[in-house]
Amino acid sequence: MTKDVVTRFAPSPTGFLHIGGGRTALFNWLYARGRNGRMLLRIEDTDRERSTDAAIDAIFDGLRWLGLDWDGPAIYQFSRAARHREVAQMLLATGRAYQCYATQKEL
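In what follows, the accompanying structure is described. Just so you know, these numbers come straight off a predicted model, no measurement behind them. (Residues numbered from 1 in each chain as written. Predicted model: local features only at pLDDT ≥ 70, side-chain atom pairs only at ≥ 80, totals over all residues. Heavy atoms only, no water.)

The next subject is the pattern of salt bridges. Overall, the coordinates contain six salt bridges when judged by the stated rule. We note a salt bridge from Asp45 to Arg48, for which the minimum N-O separation is 3.3 Å. Classification of Arg48 as partly exposed rests on a relative accessible area of 47%. In this structure, Arg83 engages Glu86 in a salt bridge whose closest nitrogen and oxygen atoms are separated by 2.9 Å. A residue pair is termed a helical-turn pair when its members lie 3 or 4 positions apart in one helix, as Arg83 and Glu86 do in helix 3 (residues 81–93) at three residues. (Salt bridge = Lys/Arg side-chain N within 4 Å of Asp/Glu carboxyl O. Buried < 20%, exposed > 50% of the residue type's maximum accessible area, 1.4 Å probe, protein only. Helix = DSSP H or I, 4+ residues; strand = E, 2+ residues; numbered from the N terminus.)

Let us now look at the nonpolar core. One recurring pattern in soluble globular proteins: nonpolar side chains tend to sit buried together. By size, the foremost hydrophobic cluster in this structure holds 13 residues, and its most contacted members are Phe9, Leu41, Ile43, Phe60, Leu63, Trp70 and Ala74. Listing elements by their share of this core, those giving two or more residues are helix 1 (19–34), strand 2 (38–43) and helix 2 (53–65). With four residues, the single largest contributor to this core is helix 2. Once residues lying within four places of it in the same chain are set aside, the contact partners of Leu41 are Phe9, Pro11, Phe60, Leu63, Trp70, Pro73, Ala74 and Ile75. (Core = buried A, V, L, I, M, F, W, Y, C linked by side-chain atoms within 4.5 Å. Contact = heavy atoms within 4.5 Å.)

Along the chain, Asn28 turns up in helix 1. Residue classification places Asn28 among the buried positions, given a relative accessible area of 19%. Discounting chain neighbours no more than four positions away, the residues touching Asn28 are Thr7, Arg8, Phe9 and Met39. Among the polar contacts listed, one links the side chain of Asn28 to the backbone oxygen of Arg8, at a separation of 2.8 Å. (Polar contact = N/O pair within 3.5 Å; in protein donor to acceptor, adjacent residues only side chain to side chain.)

Take helix 1 next. Here helix 1 is 16 residues long and its end C-alpha atoms lie 22 Å apart, about the 22 Å a rise of 1.5 Å per residue gives. When helix 1 is considered as a whole, its buried residues turn out to be Gly21, Gly22, Ala25, Asn28 and Ala32. Relative to the axis of helix 1, the buried residues are bounded by an arc of 130° and lie together on one face. Every exposed residue of helix 1 that faces more than 90 degrees away from the buried side is listed here: Ile19 and Gly34. In this structure, the buried side of helix 1 is in contact with strand 1 (6–9), strand 2 and helix 2. Backbone geometry just downstream of helix 1 places Asn36 in the positive-phi region, at approximately 55°. (Expected span 1.5 Å × (residues − 1). Arc of directions from axis to C-beta.)

Purely geometric stuff here, so don't read any function into it on its own.
So this is what it looks like as structure tokens:
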């Protein structure tokens, strides 16, 4: 039984797409396309203070300029925050995770 190949490119929109991000996207795209798989684009917009619409647009434009497409709509990580919180609470409740009590300064 073979599994379908799914890769993802997950840039953070806190700045513009750079050569390293373009390279990573290209490798993921080539791997997925070479195996009849899918490449997903997940925007890591959880840093709400530094994420910008201009940077998101630049990521889309940069990928298109490179000739890279992705499958389905872009996924925005922050839109899943409620689900992540739900799973974290379940892990805490079942003893599979622990609460961190470090202060912001300590972190």
